Amino acid sequence: MLLGVALGIVSSLAQPHPKNFNDFAPDWSPDGTKIVFVSDRDGNSEIYLLTLAPIIELKRLTNHVGSDLRPRFSPDGSKIAFYSSRDGNYEIYMMNADGSNVTRLTQHSATDWDPAWTPDGKIVFESFRDGWPDLYLIDPLTGMTERLTQDDLREAFPAWSPKNDKIVFSSYREGSWDLYAMRPNGLVRQKLTDGDGIYWHPAWSRDGRFIAFEAVRGDESDIARLDADGQNFTWLTRDIYRDSYPSFSPDGKRIVYTSTRNGFQRLVIRDVLP
């Protein structure tokens, strides 16, 4: 089953811009008026903010020789978490939604990346700090860090449920990259996908009903959706492009995602009425 109608390429809303650039890893703001994303349109990977309403406006939020990646709005929309190599290796950072007050949250020689917010304003991320990639939780107010998983299998691309009852992540543990869900305490893991492809980059709908994700089967990469319990697999895109990094609008009726077209990544908004 295919569900959804493409509404337009977001990149075309922001003029002027060079032709050969990539826009990727979008995240829709909780109030629905903005999309934060990564672009190399000015030379290296920086974070940009596209305002959709009341007027269309593009603003560059970061300006650093290091790569700034994977921006994510906080639940109230006032902060953006991201990871960056600006201090030598990948660490987790936070800034105000207007790009001000950039704060480094992790201080470790190992890689820390892929931050995602919890409903109460903490940040889950993947780290290699204990010799193997596991999931950790940090309180940005106190800096207190808690290890959530501890095994020899990678848990990647975490996404915390808005209902605060589970974490969805991608893991290679049965011969393929699949989506799994676990309780916030790291226990009771459930496999959500069936192992016949590569499934990663999950994103929750704001009401916690659905999970959108990238599904790779053969040479095709599209966006699919599951119910929160892993049922009702539904295609949201099935096209000739390579689609990835979905993010739901606050009302769950649209997604914004990355789509590789003519060799470059662009942002596309698609209608996906439940």
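Residues numbered from 1 in each chain as written. Predicted model: local features only at pLDDT ≥ 70, side-chain atom pairs only at ≥ 80, totals over all residues. Heavy atoms only, no water.

## Section: the overall build of the chain
Quick reminder of the rule: Under the DSSP-based scheme used, a helix requires at least four consecutive residues in state H or I and a strand at least two consecutive residues in state E, with every element numbered from the N terminus. Contacts are assigned to residue pairs that have any heavy atoms within 4.5 Å of one another. Surface accessibility in these figures is a Shrake-Rupley result with a 1.4 Å probe; residues are shielded only by whichever protein chains are displayed.
Scanning the chain from N- to C-terminus turns up zero helices and 24 strands. Based on the C-alpha atoms only, the size of the chain along its principal axes is roughly 50 × 45 × 30 Å. Once local pairs closer than 6 in sequence are excluded, the contacts in the chain between residues at least 24 apart make up 34%. Of the roughly 11900 Å² that the chain leaves accessible, carbon and sulfur atoms contribute 49%.

## Side note on the sheet that holds strand β10 (residues 112-117)
Note the following rule: Two strands pair if DSSP finds at least two bridges between them. With axes taken as lines fitted to C-alpha atoms, and helix axes fitted only over the stretch in contact, angles between N-to-C directions fall between 0 and 180 degrees.
Taking strand neighbours across the sheet as the criterion, the four strands line up as β10-β11-β12-β13 in an open arrangement whose pairing is antiparallel. Two strands bound the open sheet, and with one partner strand each, they are β10 and β13 (145-147). Strand-to-strand twist in this sheet, taken as the mean axis angle between neighbours without regard to direction, amounts to 30°. As defined by bridge partners, β10 adjoins strand β11 (residues 123-127) across four bridges and the pair is classed as antiparallel. Along β11, the bridge assignment pairs Trp117 with Ile123.

## Remarks on the side chain of Ser74
In this fold, Ser74 is placed in the loop between β6 (68-73) and β7 (79-84). Here Ser74 is in contact with Pro30, Lys79 and Trp117, once residues within four sequence places are set aside.

## A closer look at the sheet that holds strand β18 (residues 198-204)
If you walk across this open sheet you meet the four strands as β18-β19-β20-β21, and the pairing is antiparallel. Among the strands making up the open sheet, the edge pair consists of β18 and β21 (234-235). Pairing between β18 and strand β19 (residues 210-217): five bridges, direction antiparallel. Bridged to Trp200 within β19 is Glu214.

## A few points about the layout of surface pockets
In plain terms, the rule: Only protein atoms enter the calculation, which uses a 1 Å grid: trapped sets of points that fit a 1.4 Å probe without letting it out are cavities, open sets showing protein on both sides within 12 Å along at least five of seven lines are pockets, and any residue with an atom within 4 Å of a point is a lining residue. Grid points are joined across faces, edges and corners, and a volume is the space filled by probe spheres set on the points. Here the nonpolar group is Ala, Val, Leu, Ile, Met, Phe, Trp, Tyr, Cys and Pro; Asp, Glu, Lys and Arg are the charged ones; every other residue, Gly included, is treated as polar.
Considering only enclosed or pocket space, the largest pocket measures out at about 510 Å³ in volume. As for the largest pocket, its lining consists of 28 residues, and the residues nearest its centre are Asp27, Trp117, Trp160, Trp204 and Arg206. If you list the elements that add at least two residues to the lining of the largest pocket, you get β6, β10, β14 (156-160), β18 and β22 (242-248). Residue classes in the lining of the largest pocket are distributed as 17 nonpolar, six polar and five charged. Size it by volume and the second largest pocket reaches roughly 180 Å³. What lines the second largest pocket is a set of 13 residues, among which Trp117, Asp120, Gly121, Pro140 and Leu141 lie closest to the centre. Of the residues belonging to the lining of the second largest pocket, the class tally is five nonpolar, three polar and five charged.

## So, unusual backbone geometry
Keep this limit in mind: The classification of residues rests on relative accessible area computed with a 1.4 Å probe and restricted to protein chains. Under 20% of the type maximum is buried, over 50% is exposed, and intermediate values are partly exposed.
Residue Ala53 is joined to Pro54 through a cis peptide bond whose omega torsion reads 5°. Examined against the element boundaries, Pro54 turns out to sit in the loop between β4 (46-51) and β5 (57-60). Despite not being glycine, Ala25 shows a phi value in the positive range, around 55°. Along the chain, Ala25 falls in strand β2 (residues 23-28). A positive phi angle, near 55°, is found at Asp114, a position not held by glycine. For Asp114, the position within the fold is in strand β10. What makes Asp114 buried here is its relative accessible area of 7%.

## Points about the pairing of strand β3 (residues 34-39)
The element β3 is extensively covered by neighbouring structure, given that five of its six residues are classed as buried. With four bridges connecting them, β2 and β3 associate as antiparallel partners. Along β3, the bridge assignment pairs Asp27 with Val36. Here β2 folds back onto β3 in antiparallel fashion, the turn holding five residues, of which Gly32 has a positive phi close to 80°.

## Examining the side chain of Asn89
This is how it is decided: By the criterion applied in these results, polar contacts are pairs of N or O atoms within 3.5 Å in which, for protein atoms, one can donate a hydrogen and the other can accept it, and in which residues neighboring in sequence qualify only through two side-chain atoms.
Along the chain, Asn89 falls in the loop between β7 and β8 (91-96). A polar contact is formed between the side chain of Asn89 and the backbone oxygen of Ser109, at a distance of 3.2 Å. If near-sequence neighbours (up to four positions away) are discounted, Asn89 is found in contact with Ser84, His108, Ser109, Ala110 and Thr111.

## Regarding the pattern of salt bridges
Quick note on the threshold: By definition here, a salt bridge exists when the distance from a side-chain nitrogen of Lys or Arg to a carboxyl oxygen of Asp or Glu is within 4 Å.
Under the defined criterion, the tally for this structure stands at 21 salt bridges. Here Asp23 and Arg41 are joined by a salt bridge, their closest N and O atoms 2.6 Å apart. Residue Asp23 is found in strand β2, and its partner Arg41 is found in the loop between β3 and β4; the two are separated by 18 residues along the sequence. Each member of the pair, Asp23 as well as Arg41, carries the same accessibility label: buried.

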